[in-house]
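Single-letter residue listing:
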Amino acid sequence: MSEAEMQYVYAVGLGDPGLDGTTVPVTGVDGGTVRTVGGGRGLTALVSAVPADRFAEEHLAPQLEDLERLEAIARAHHAVVDAAFATATVLPMRLATVYRDQARVAAMLDEQHPHFEELLRTLDGHVELGVKVYAEPRAAAAAPEPEPANASPGRAYLQRRRAERRLAQDTYGAARDTAERAAGLASSLASARAVHRPQQGEWSAGRGENVANEAYLVPRSDVERFRTELGALALDTPGVTVEVTGPWAPYSFAGGGAR
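Residues numbered from 1 in each chain as written. Predicted model: local features only at pLDDT ≥ 70, side-chain atom pairs only at ≥ 80, totals over all residues. Heavy atoms only, no water.

### Some thoughts on the nonpolar core
Across soluble globular proteins, nonpolar side chains show a tendency to be buried alongside one another. The biggest cluster of nonpolar side chains holds 46 residues, and the ones touching the most others in it are Tyr8, Tyr10, Val29, Leu46, Tyr216, Phe226 and Leu230. Excluding anything up to four places from it in sequence, Phe226 contacts Leu129, Val131, Ala186, Leu189, Tyr216, Val218, Gly231 and Val244. Formed by 22 residues, the second largest nonpolar core is a distinct cluster that contains Leu43, Met108, Leu217 and Phe253. (Core = buried A, V, L, I, M, F, W, Y, C linked by side-chain atoms within 4.5 Å. Buried < 20%, exposed > 50% of the residue type's maximum accessible area, 1.4 Å probe, protein only. Contact = heavy atoms within 4.5 Å.)

### Quick word on the pairing of strand 7 (residues 209–219)
In terms of burial, strand 7 is a largely internal element, nine of the 11 residues being buried. With 10 bridges joining them, strand 5 (residues 126–135) and strand 7 adopt antiparallel strand pairing. Counterpart to Val131 in the pairing with strand 7 is Glu214. Where strand 6 (residues 192–196) meets strand 7, five bridges bridge the pair, whose relative direction is antiparallel. By the bridge assignment for strand 7, Ala192 is matched with Leu217. (Helix = DSSP H or I, 4+ residues; strand = E, 2+ residues; numbered from the N terminus. Pairing = 2+ DSSP bridges.)

### Observations concerning the sheet that holds strand 6
With antiparallel pairing, four strands are arranged side by side in an open sheet as 6-7-5-8. Each having just a single partner strand, strand 6 and strand 8 (240–248) make up the two edges of the open sheet. Pairwise comparison of adjacent strand axes, ignoring direction, gives a mean angle of 20 degrees for this sheet. (Axes fitted to C-alpha atoms, helices over the stretch in contact; angles between N-to-C directions.)

Written out as structure tokens, the structure is:
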């Protein structure tokens, strides 16, 4: 390994045969070959070599501020994690986690062993599912009420505006109620819950306004039940949509911050 290279760490696993050797069928960041580094206490890290002149601390920040470059790094990172997750229980590491060499990676595994082992035991046999609730008043709109024959244009306009406001209030109220019911139902089927900030802009385009954005750690055996029961919550509520996403590697629960 060249001194001009550093080690990019994607994920950590615990004594899983699926992580023995170079088993991940995708390339890493900048096309690097993914390999394993073992610690002395049974943990294994998935890593690939990256150039120090791009990933040393003093060079990394500008890359993460470049949206196109950040997207490329994130795509490669998630591809490795997802490929590993398909065959083993893994703890995803934060984006752009880099160490100077493999010896430092092994030392990190030993230092963090109690914490990582506890998390991996919790994640074993589970996947992450997302639950998003959207409100779209226009989708809830029924046929417009007929305007009085003698109504002036100004009065008719005000009537339409009042009706639109009532519809929006009713729809958002229904979406909040649905979000509360979804949280209660999902929590009863999951081992852990993480609440994220509602998505905005292009992330929710075409679905309406995202009023709830949560993640749940769900046993693999309950995934279909979770999808079916959560997906049915808003079927009879015009203007409200419940979307279940995943399954994903447990990114939302990798730091132990779930509640």
